[in-house]
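The lines below spell out each chain.
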Amino acid sequence: MAGDNGHEELRIGVYVCHCGSNIAGVIDPKAVAEYAMTLPGVVRATDTLYACADSGQNLIKQEIKEYKLNRVVVAACSVRMHELTFRAAVSEAGLNPFLMEMANIREQCTWAHGHDPEGALEKAKDLTASAVAKAAFLTPLQMMKVPVTKRAMVVGGGVAGISAALDLGAQGIETILVEKQPTIGGTMAQLNKTFPTMDCSI
Amino acid sequence: MVDAARHPKVDIRTYTEVERVDGYVGNFKVLLREKSRYVRADRCNGCGECARVCPIEVPNYFDMNLAPRKAAYVPMSQAVPLVYNIDLDACIHCYKCVEACGKLEAIDFSMKDKLVWEDVGAIIVATGFSHFDPSVMPEYGYGRYPNVITAIEMERLNNTAGPTAGNVIRPSDGTNPRRLAIINCVGSRDKHFNPWCSNFCCMYGIKNAVLLKQTYPDMDITIYYMDIRTPSKGYEEFYDRAREMGIRFIQGRPSMITEDPETRNLFVHSEDVTLGRVIEREYDMVMLNQAAVPQPDVDTTSSVLNVTQSPGGWFMEYHPKLRPIDSPNDGVFLAGACQGVKDIPASVAQGSAAASRAGRILHSDQWEIEPIVAVVWEDRCVSAQGKKCGICAKACPYGAIEYEQGKAAHVVTAKCHGCGGCVAECPHNAITQMHFTDAQILAQLHALLAERPEEKILAFRCHWCSYGGADLAGVSHFEYSSNERGLRVMCSARMDADFIYEAFRLGAGAVLYSGCHPQDCNYITGQRLGAARAERLMKAFEKMEMTPGRFRVEWISAAEGDKYARVINEMQAVLNSIPKEKLMEEIERLRPEMEKRARRLREVPQVEEALEYSRQLEIAMVGEEA
């Protein structure tokens, strides 16, 4: 129904992370996995101690093949933390990286509701179901490749900017160092000697 | 400094400001304003004849206005590049400089500001910091008592290249002070002004004390401190050395400085924590170690360079531990104190780190970006049917949509940054966003509201800010109601009114519409599009007499975890305050109107399938009765 071409059978795998005690200290990841198993399209759901560790990633990769998964849901931490990790993992198992969806049950669940384990469990189930629902409609996508202009700009000619510009220059990259004052040097140039070596600032 | 000037690959543009940045990672276009110096850099040899003959004197910013410069000037003799400037605001057009310059003919009063576009693949932001102005603290008398000076003024006085050639004198009478007090944490670690520790001031105060002690061995120097913080390599040893040199350290934050109007000497009133009593000591001079604060134009820099701010006005890194150099804007990196106060060794290190991060991109022939772009369903676009529209093109902050009546709108993929504004604005649901399609979002929405929706707070969050804020609430363990159910899109611009209507149709207790603060938006004006829509929604719900607070609009940055938690808890309090029967009655009363308003969503490709899937999901979640 909701596959790449509208006809492929959905085979979603759900991996619920313990994150040591970060998640498992508040809720039971097994309960979330068992719940996920009842959702339409889910053919495999299990918990894992650390989804991001080699063991967790290997489990996902191996089961993509074993269960012929065509969508993966990882219920773990924030997408800002590990979305790229799990995209890479599913991709290594031959699945398009955009067929992976995360449910944030750590930062936005167990860490925020540490004193409300019941509410946290209910929320973790809903967030996982929401990720499963999105996964059902994911389509494979290709990263877009853009050309790169091999020049850099550094805005600010103080000690940090000068250091960046010199290093870029040394890498052979043409660098424009922009400074709004008439001279570079920034605050550093105004200083007498600098600690702890007491050398001249300029 | 001279290394940079000498480096064949480094092109220094001083007296130049960034006006505008377009483009994206690997392909930025930056508009620079090279301000007119009225001296031609290619002809000036830095001889300084123009300054010698110039009759006008104005205060020199570089010397903290303690000394004058001419209207024809360089800020300091070691300026890089050594090119003179004519300050036209001060100039009286006597043209003596032109005469003095003679055959070089470097001075050119007809020069105009030059606007230049530069193509670059990566940008490093290293705009630094500014100094807290202690004159807003009347208890220390800065600006009123001549012998109370700031640390950076001391730097200029105690500098052989400075206005007194390194002779440290009292501004009141030109004598050398015998007794000097240095006060730390002026405007820092002070909730009235800046809560942060300014990082380098402990070492900086000690450094000045040591330097002065070396030049003036008889000078009696006292440092007033709250805590001495010397954690880096060699710093504690330096502090030991200062104590061995006889510099006095008093733990206590001075409450007041008074002045003897005759001698202009100063009395510092303070607690001495070690002695456990209040003390008063007389000094000839007081140096205030003032806080480091963001640059005064930080908001402009933020919006021009598209970098967001942490609390206090420092530029925000993508992740404080894992990606401390990257800004949230791909291809833009942060270095030095603009990202947060740091000393010279840390600034140099961060500069190098930023060069290395930028190098990853600049040494690649191609860079990959996420394909979460907008796509037009040509058969649904009314323009293709000859009707006038173009709403999508107006909504796009990047000018990425080509619209011509009679043809379907076309998204130029390379220009599209994926905010989803056009998708939400299109009145005919003729555009979708990859990875954030209507069907995907709708399926999520239904799952989140499958069970007891009236108890739920559905929170729409943008990826860059409010999702980050919710993350930070969790990281900081700021607890909030577990009835919250979050749904992430890339920008508030993507939060289609239809989704909000659909959420209420499904019986959501409350809906939060949240995103970045306007100046933080990762998509230039995406937030404004979202904000305007949210305002229209708010008005519509007021008209429908929805209980105030059930729909809430909040702009929450990734640094505002506390705010995210507070907003959710306040929304929970609103829900708690409505009796259940009344809430259910209101939900039922509004349902037909919500249904009417959300009906067009059902025309969108794949949405019927999403609804069918959601029905099965709901059965799985709550049983057949759903």
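These numbers were taken from a predicted model, which means no experiment stands behind them. (Residues numbered from 1 in each chain as written. Chains lettered and ligands numbered in written order. Predicted model: local features only at pLDDT ≥ 70, side-chain atom pairs only at ≥ 80, totals over all residues. Heavy atoms only, no water.)

**Concerning the overall build of chain B**
So, step 1. If you tally the helices and strands in chain B, you get 17 helices and 29 strands.
So, step 2. Dimensions of chain B, computed from C-alpha atoms along their principal axes, come out at roughly 90 × 70 × 45 Å.
So, step 3. Residue burial in chain B is summarised as follows: out of 626 residues, 59% are buried.
So, step 4. A separation threshold of at least 6 residues defines the contact pool for chain B, and within that pool the share at least 24 residues apart is 69%.
So, step 5. Of the accessible surface of chain B, which amounts to about 25800 Å², a share of 51% is contributed by carbon and sulfur atoms.
So, step 6. Of note, chain B has its 72 positive side-chain charges centred 2 Å away from the centre of its 84 negative side-chain charges. (Helix = DSSP H or I, 4+ residues; strand = E, 2+ residues; numbered from the N terminus. Buried < 20%, exposed > 50% of the residue type's maximum accessible area, 1.4 Å probe, protein only. Contact = heavy atoms within 4.5 Å. Areas by Shrake-Rupley, 256 points an atom, 1.4 Å probe, with all protein chains shown as cover. Lys, Arg positive; Asp, Glu negative; His and termini not counted. Charge placed at Lys NZ, Arg CZ, Asp CG, Glu CD.)

**Details of the nonpolar core**
So, step 1. One finds Val72 and Ile105 of chain A together with Phe541 of chain B to be the most contacted residues of the largest nonpolar core, which totals 184 residues.
So, step 2. Here this core takes nine residues from helix α6 (residues 117–136) of chain A, the largest share from any one element.
So, step 3. Built from parts of two domains, this core gets at least three residues from each of domain 2 (369–435) and domain 3 (436–621) of chain B.
So, step 4. In this structure Phe541 of chain B touches Ile500, Tyr501, Phe504, Met546, Phe551 and Met594 of chain B, once residues within four positions along its chain are discounted.
So, step 5. Judged by nonpolar contacts, the second largest core, of 61 residues, contains Tyr140, Tyr235, Ile257 and Tyr283 of chain B. (Core = buried A, V, L, I, M, F, W, Y, C linked by side-chain atoms within 4.5 Å. Domains from an automatic or database assignment.)

**A closer look at helix α16 (residues 580–597) of chain B**
All names here are of chain B.
So, step 1. Helix length check: α16, at 18 residues, gives a terminal C-alpha distance of 25 Å against a target of 26 Å (1.5 Å per residue), a fit within 8%.
So, step 2. Considered for burial, the residues of α16 that qualify are Leu583, Glu586, Ile587, Leu590 and Met594.
So, step 3. Against α13 (497–505), α14 (526–543) and α15 (561–577) lie the buried residues of α16. (Expected span 1.5 Å × (residues − 1).)

**Considerations on the side chain of Asp272 of chain B**
So, step 1. Along the chain, Asp272 of chain B falls in strand β16 (residues 266–272).
So, step 2. For Asp272 of chain B, which is buried and forms no salt bridge, the nearest opposite charge comes from Arg281 of chain B, at a distance of 7.0 Å. (Salt bridge = Lys/Arg side-chain N within 4 Å of Asp/Glu carboxyl O.)

**A closer look at the interface of chain A and chain B**
So, step 1. In this assembly, 94 residues from chain A lie in contact with 130 residues from chain B.
So, step 2. The junction of chain A with chain B conceals about 10100 Å² of combined surface from both sides, 61% of it contributed by carbon and sulfur atoms.
So, step 3. When the buried area of chain A at its contact with chain B is split by residue, Arg80, Phe137 and Phe195 of chain A rank highest and sum to 9% of it.
So, step 4. When the shortest N-O distance is used, the salt bridge between Asp126 of chain A and Arg485 of chain B registers 2.8 Å.
So, step 5. Remark: the boundary between chain A and chain B carries 66 residue pairs in polar contact (both at pLDDT 80 or more).
So, step 6. Split into classes, the residues belonging to the side of chain A that touches chain B amount to 50 nonpolar, 26 polar and 18 charged.
So, step 7. Bridging between strand β6 (residues 151–155) of chain A and strand β9 (residues 122–125) of chain B involves four bridges; their strand directions are parallel. When the bridges of β9 of chain B are listed, Met153 of chain A appears paired with Ile123 of chain B. (Buried area = accessible area lost by both parts, 1.4 Å probe. Polar contact = N/O pair within 3.5 Å; in protein donor to acceptor, adjacent residues only side chain to side chain. Nonpolar A, V, L, I, M, F, W, Y, C, P; charged D, E, K, R; others polar. Pairing = 2+ DSSP bridges.)

**Focus: the pairing of strand β4 (residues 100–104) of chain A**
All names here are of chain A.
So, step 1. Among the five residues in β4, five count as buried, and that is most of the element.
So, step 2. Here β4 shows a buried face lined by Met100, Met102 and Asn104 and a second buried face lined by Glu101 and Ala103.
So, step 3. Where strand β3 (residues 71–76) meets β4, five bridges bridge the pair, whose relative direction is parallel. Note that in β4 the partner of Ala75 across the bridge is Ala103.

**Digging into the environment of Ala136 of chain A**
So, step 1. Looking at the secondary structure, you find Ala136 of chain A in helix α6.
So, step 2. Along the backbone, Ala136 of chain A and Gly41 of chain A are 95 residues apart, and their C-alpha atoms lie at a distance of 7.3 Å.

**A closer look at the domain arrangement of chain B**
So, step 1. According to the domain assignment, chain B contains domain 1 (130–293), domain 2 (369–435) and domain 3 (436–621).
So, step 2. Computed over C-alpha atoms, the centres of domain 1 of chain B and domain 3 of chain B are 53 Å apart.

**Comments concerning the sheet that holds strand β27 (residues 484–489) of chain B**
All names here are of chain B.
So, step 1. On the basis of which strands lie adjacent, the open sheet formed by four strands has the order β27-β26-β28-β29 and parallel pairing. On the outer flanks of this sheet lie β27 and β29 (551–555), each paired with one strand and no other. The mean angle between the axes of side-by-side strands here comes to 20°, regardless of whether they run parallel or antiparallel.
So, step 2. Sheet analysis places strand β26 (residues 457–462) next to strand β28 (residues 510–515), joined by four bridges and oriented parallel. Counterpart to Ile457 in the pairing with β28 is Ala510. (Axes fitted to C-alpha atoms, helices over the stretch in contact; angles between N-to-C directions.)

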